[in-house]
Amino acid sequence: IEYLTPDQILQFLQLQDERGQHYLYSLMLHFASPLLTKILYRLPEVSQRYEVLSIRDECGRTVLHHSKENWLLDSLKSQELCFQLLSTQDSEGQSPLITFFRPLDLKSALDSVTAEQRLTLINMRDKEGQTAAEYHHKQISEEQDEYWRGRAKDNLAVIEYYRREARIQIVIS
């Protein structure tokens with residue numbers, strides 16, 4: 001990676017293996033956090049970092065769907081690009097908000113966009129018609145493991161808090 005130019009890095013990550021999978025996913029680079037960090041910070045332009053983060057796998061998921069790491073959004077330094085990435089739906093219609101399982105990451109993701117954008121993200125529905133809040137509520141009732149049920153409760157609380165806050169901010173403005 002150190003010896004490649006930003007354009008070469010982008011070209012490499014866009015290449016596909018024999019199954020049609022982008023190298024970003026087929027080589028599991030999206031899970032190698034230190035390597036992904038190095039790749040992103042070798043790209044000087046925010047638009048280049050966004051291009052990497054918006055590469056989709058065979059299920060239509062982006063790196064954010066997989067890694068659930070909020071530092072990825074920090075690398076974009078743009079509310080609009082963060083919103084575009086957070087509103088990307090996979091082939092099931094699920095946005096990354098459903099895949100965040102740590103409440104702190106979910107909070108950070110919602111903090112990276114405007115109040116109006118938060119409300120849009122919170123109200124997005126997947127192909128089953130579920131919002132992120134409904135998804136986490138369903139996890140609470142169906143999950144057998146207490147640890148994961150607790151995570152779903154915490155995520156639901158974060159989403160409900162931001163829903164109320166976004167509505168208040170919109171009314172005030």
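Residues numbered from 1 in each chain as written. Predicted model: local features only at pLDDT ≥ 70, side-chain atom pairs only at ≥ 80, totals over all residues. Heavy atoms only, no water.

### Let's talk about the side chain of Ser75
Next, step 1: For Ser75, the location among the structural elements is in the loop between helix H6 (71-74) and helix H7 (79-86).
Next, step 2: With a relative accessible area of 0%, Ser75 lands in the buried category.
Next, step 3: A polar contact of 2.7 Å, which involves the side chain of Ser75, links it to the backbone oxygen of Leu72.
Next, step 4: Discounting residues that sit within four places of it in the chain, Ser75 has contacts with Leu40, Tyr41, Arg49 and Leu53. (Helix = DSSP H or I, 4+ residues; strand = E, 2+ residues; numbered from the N terminus. Buried < 20%, exposed > 50% of the residue type's maximum accessible area, 1.4 Å probe, protein only. Polar contact = N/O pair within 3.5 Å; in protein donor to acceptor, adjacent residues only side chain to side chain. Contact = heavy atoms within 4.5 Å.)

### Details of helix H10 (residues 115-123)
Next, step 1: Taken together, the buried positions of H10 are occupied by Ala115, Gln117, Arg118, Leu119, Leu121 and Ile122.
Next, step 2: In the core, the buried residues of H10 are packed alongside H7, helix H8 (96-99), helix H9 (103-111), helix H11 (132-142) and helix H12 (146-172).

### A closer look at the packing of aromatic side chains
Next, step 1: Enumeration according to the criterion identifies 3 aromatic pairs in this entry.
Next, step 2: Ring geometry for Tyr147 versus Trp148: centroids 4.9 Å apart, planes at 80°, classification edge-to-face.
Next, step 3: Here the aromatic rings of Tyr161 and Tyr162 are separated by 5.2 Å at their centres, their planes lie at 85°, and the arrangement is edge-to-face.
Next, step 4: With a relative accessible area of 5%, Tyr162 lands in the buried category. (Phe/Tyr/Trp six-rings, centres within 6.5 Å; stacked < 30°, edge-to-face > 60°.)

### A look at the confidence of the model for the protein chain
Next, step 1: Averaged over every residue, the pLDDT of the protein chain is 89; residues scoring 70 or more account for 99%.
Next, step 2: Between the elements of the protein chain, mean pLDDT differs from a low of 82, seen in helix H2 (residues 23-26), to a high of 96, seen in H7. (pLDDT = per-residue confidence, 0-100.)

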